[in-house]
Amino acid sequence: MEQNDVLNTDRLMALRPLNMDLADDAWKAKEQQRAHSLRYFDFLVAVSQFLGFLMLVLSGYYFSVVDRGFQWGAEGVNVTDEDALRPRIGFGNGEALLSYRLHRHEPKWMVSCVHGAFHFGAVILVVFAMIAIVNHKDLSPIPLRHMYSIHSWIGVGIIAVYIIQLGVGFLAFFFPKLSRDLRRQFLPVQRTVGLIVFSASIAQVLLGNQNYQSIQSSAVMKYWQCATKLDCADHSFLIQNFSMLAVVFYGISVVVLIVNPQWRRWATPDEKEA
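Keep in mind the model is a prediction, meaning the values are calculated, not measured. (Residues numbered from 1 in each chain as written. Predicted model: local features only at pLDDT ≥ 70, side-chain atom pairs only at ≥ 80, totals over all residues. Heavy atoms only, no water.)

1. A word on the overall build of the protein
Reasoning step 1: For the protein, the helix and strand inventory stands at eight helices and zero strands.
Reasoning step 2: N-terminal to C-terminal, the α/β element order of the protein is α-α-α-α-α-α-α-α.
Reasoning step 3: In the protein, of all internal contacts separated by at least 6 residues, the share reaching a separation of at least 24 is 72%.
Reasoning step 4: Taken as a whole, the protein presents about 16600 Å² of accessible surface, with 69% of it coming from carbon and sulfur. (Helix = DSSP H or I, 4+ residues; strand = E, 2+ residues; numbered from the N terminus. Contact = heavy atoms within 4.5 Å. Areas by Shrake-Rupley, 256 points an atom, 1.4 Å probe, with all protein chains shown as cover.)

2. A short note on unusual backbone geometry
Reasoning step 1: In this chain, Phe175 is followed by Pro176 through a cis amide linkage whose omega measures 5°.
Reasoning step 2: Even without glycine at this site, Lys177 takes up a positive phi of about 85°.
Reasoning step 3: Here Lys177 lies in the loop between helix H4 (150–174) and helix H5 (180–219).
Reasoning step 4: Looking at Lys177, the relative accessible area reads 39%, which means it is partly exposed. (Buried < 20%, exposed > 50% of the residue type's maximum accessible area, 1.4 Å probe, protein only.)

3. Observations regarding the nonpolar core
Reasoning step 1: Counting residues in hydrophobic clusters, the biggest one holds 22 residues, and the most contacted among them are Met55, Tyr250 and Leu257.
Reasoning step 2: Among the elements of the structure, helix H1 (2–65), helix H2 (80–102), H5 and helix H7 (236–259) are those that each provide at least two residues to this core.
Reasoning step 3: For Met55, the contacting residues outside a window of four places in its chain are Pro87, Phe91, Ser243, Ala246, Val247 and Tyr250.
Reasoning step 4: By size, the runner-up hydrophobic cluster in this structure holds nine residues, among which are Ile89, Val126, Tyr162 and Val197. (Core = buried A, V, L, I, M, F, W, Y, C linked by side-chain atoms within 4.5 Å.)

4. Comments concerning the environment of Val255
Reasoning step 1: Along the polypeptide, Val255 turns up in helix H7.
Reasoning step 2: Residues Val255 and Leu98 lie 157 residues apart in sequence; the distance between their C-alpha atoms is 9.3 Å.
Reasoning step 3: Apart from the residues lying within four places of it in its own chain, the contact partners of Val255 are Leu195, Phe198 and Ser199.

5. Concerning the UniProt feature "transmembrane region" (unreviewed entry) in the protein
Reasoning step 1: Here the UniProt feature "transmembrane region" (unreviewed entry) sits at residues 43–63, 109–133, 153–175, 187–207 and 237–259.
Reasoning step 2: In the segment residues 153–175, helix accounts for 96% and strand for 0%; the C-alpha atoms at its two ends are 32 Å apart.
Reasoning step 3: Between the end C-alpha atoms of residues 187–207 the distance is 30 Å, and the span holds 100% helix and 0% strand. (UniProt positions renumbered as here; feature names shortened; annotations may be inferred.)

6. Examining a nonpolar patch on the surface
Reasoning step 1: Together, Met130, Met147, Ile150, Trp153, Ile154, Val156 and Leu207 make up a nonpolar patch on the protein surface, roughly 610 Å² of accessible area in all.
Reasoning step 2: Along the polypeptide, Trp153 turns up in helix H4.
Reasoning step 3: Residue Trp153 is classed as exposed on the basis of its relative accessible area, which comes to 52%. (Patch = residues over 30% accessible without salt bridge, like charges linked within 9 Å, V, L, I, M, F, W, Y side chains within 5 Å. Salt bridge = Lys/Arg side-chain N within 4 Å of Asp/Glu carboxyl O.)

7. Quick look at the packing of aromatic side chains
Reasoning step 1: Applying the stated rule across the entire model yields five aromatic pairs.
Reasoning step 2: Feature note: the residues Phe91, Phe198 and Tyr250 constitute an aromatic cluster, connected by ring pairs. (Phe/Tyr/Trp six-rings, centres within 6.5 Å; stacked < 30°, edge-to-face > 60°.)

8. Here's the deal with the environment of Trp266
Reasoning step 1: Summarising the element assignment, Trp266 is placed in the loop between H7 and helix H8 (269–273).
Reasoning step 2: Trp266 sits in the partly exposed class, given a relative accessible area of 41%.
Reasoning step 3: Distance in space between the C-alpha atoms of Trp266 and Arg101 is 9.3 Å, their sequence separation being 165 residues.

Written as structure tokens, this is what we have:
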């Protein structure tokens, strides 16, 4: 009996290093695969940030030179103020979604602050955009009706869902904060809704741009010449077209970065203790 116990112990001792070696090899292979995957992640992040910067610069320049540029107040309200803010709202939303991917090594509370700052910044821009469009219609020489187009309907719906999601996320993950198990169950829902809202906001930017260009082409002779004969000195619409292409590809890059499970943030020590 004692001899059998000794033999069994010897077998276990002989097998243990082999199992540990296999586990180490599997872990190393997984780490190499993850490191290789992160190379594509870094490249795509760089592309997304470049596209976001290009989107902001081109749209900012375009709306600063067309239709009297940026104006505010009773004597200078301009719809371009609202149109120019739409890409910035989409950018703020996209960067908020990417914050947990980009800042993967920082403490969770710090990344949460960055995430929340981008979201609340986007909400502030939404407020300014709504004020701009209301003032433009109310203070126009010929007062215009509100909420008559599908563009406005979709926009208000996106804003409502976005603000509700932001409030629920604040209560669930920041303060007063749900339990750890409930947060784990709720996180996929929050992530999915956020991705849908972001995708819808990108579509809303494109729809609003097309709506704006159609109005300009039909109402302003200068832009009517551009649209019908491509006969305009500055070709400003080409600038806006490239800006909208940047919006599209920025949105695609953000979605790809978010949906890939290999690029999710790994839990840091402070997350494991929370």
